[in-house]
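Listed here are the chains, written in short residue letters.
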Amino acid sequence: LPGTPFADTIKFSDSFERAHDFGIIFNETKREVAIEKSRRYILDNWVLPLNPGFVRGKWSEATQRQFHMMIEPVDVVDYFGLLQTTRCTLTTPSSGSGWATAKPWECFAAGVVCFFHPAYDDQNHILRDAPNALRVWLRVDSPQELKARVEYMRKNPLYWAEIVWLQRNHFDQAIERKRYLTTIEER
C-alpha cells in the first residue's frame, strides 16, 4: 500500500488552504541518464521556474552548489505532513527509467494533485484505468504546460478539488480491487 509502513498515517485532505501552490520532494538519481530524463535537468527546467514553495530530498553537494541552493532530505515520518502543505507536485523519471513509483499513489491518498513528467510511467500502469479527466490533466508535455496547469489550479479551487477527489477515488478503487496483486498474478 502507498506509504507503507506509514499507510495508517496518511490523512486525506481536500482543503485548498495550503501554504504552497507547488512543492516537490525528490532525490537526485544517477547522473548517467539521458539529459531530458535527468532529475538535475528537470529541477532546472521544470521545477525551479515555478518558484516552488519547497524542494526537498537527497541531492549531492555538487548539484546543490550548481543551483546555489540547499536541498535538505525529509525524514520519512515527516513526508506526508510536508507533502500536504502544497496543492500540486510533479512525479519524475527515476534513474532515467520510465517506471512507475509509489509517489502518485501517495499523492492520490493524501490529496495532492500529482502531475506526471512525460517520461514517467511510460508503461501507463498508474493511469491506464483512471478516468479520462485524470489521464489528460495529470500528464504534462512541457515545463510551460506544467506551469500553466499549476497556475490554473491556484485560480480554480473547485477544479483542484475535483481532481483531488478523482485521484482519491482512483486510489480507493485500485486498493479495493487489489490491483497491486492482480498485476503480479497477470505476470
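Here is what the cut-offs are and how they apply
- Residues numbered from 1 in each chain as written.
- Predicted model: local features only at pLDDT ≥ 70, side-chain atom pairs only at ≥ 80, totals over all residues.
- Heavy atoms only, no water.
- Pairing = 2+ DSSP bridges.
- Helix = DSSP H or I, 4+ residues; strand = E, 2+ residues; numbered from the N terminus.
- Axes fitted to C-alpha atoms, helices over the stretch in contact; angles between N-to-C directions.
- Contact = heavy atoms within 4.5 Å.
- Polar contact = N/O pair within 3.5 Å; in protein donor to acceptor, adjacent residues only side chain to side chain.
- Salt bridge = Lys/Arg side-chain N within 4 Å of Asp/Glu carboxyl O.
- Core = buried A, V, L, I, M, F, W, Y, C linked by side-chain atoms within 4.5 Å.
- Buried < 20%, exposed > 50% of the residue type's maximum accessible area, 1.4 Å probe, protein only.

(A) Highlighting the sheet that holds strand β5 (residues 113-116). In spatial order, the strands read β1-β4-β5; together these 3 strands make up an open sheet with parallel pairing. Each edge of the sheet is formed by a strand with only one pairing partner; in this case those strands are β1 (20-22) and β5. In this sheet, adjacent strand axes meet at a mean angle of 25° when their direction is disregarded. Contacts between helix α6 (residues 143-155) and the sheet are confined to β1, β4 (86-91) and β5, with β5 contributing the most and set at about 165° to the helix. Together, β4 and β5 form the strand contacts of helix α7 (residues 157-176), whose direction differs from that of β5 by roughly 80°.

(B) How the structure looks around the side chain of Thr 92. Within the fold, Thr 92 resides in the loop between β4 and α4 (103-110). Side chain to side chain, Thr 92 and Arg 39 meet in a polar contact 2.9 Å long. Every residue in contact with Thr 92, bar those within four places of it in the chain, is listed here: Phe 26, Arg 39, Ile 42, His 117 and Tyr 120.

(C) How the structure looks around the pattern of salt bridges. Considering all chains together, one arrives at 8 salt bridges under this definition. Linking Arg 65 and Glu 61 is a salt bridge whose minimum nitrogen-to-oxygen distance equals 3.9 Å. Here Arg 65 and its partner Glu 61 are both found in helix α2 (residues 61-66), 4 residues apart, which amounts to about one turn of the helix. Because the salt bridges share partners, they merge into one network encompassing Asp 21, Arg 87 and Arg 154.

(D) Quick peek at the side chain of Thr 29. Mapped onto the elements, Thr 29 comes out in the loop between β2 (24-25) and α1 (39-47). Residues within four places of Thr 29 in sequence aside, it is in contact with Arg 39 and Ser 95.

(E) Geometry of the nonpolar core. Ranked by size, the top nonpolar core spans 49 residues in total, and within it Val 47, Leu 90, Phe 108, Val 113, Phe 115 and Leu 138 carry the most contacts. With near-sequence residues (within four places) excluded, Val 113 lies in contact with Arg 87, Cys 88, Thr 89, Leu 138, Met 153, Trp 160, Ile 163, Val 164 and Gln 167.

(F) Molecular detail of the environment of Arg 40. Examined against the element boundaries, Arg 40 turns out to sit in helix α1. The class for Arg 40 is buried, based on a relative accessible area of 14%. Separated by 134 residues in sequence, Arg 40 and Ala 174 have C-alpha atoms that sit 32 Å apart. With residues near it in sequence (within four places) discarded, Arg 40 still touches Glu 28, Arg 31, Trp 59, Thr 63, Gln 66 and Phe 67.

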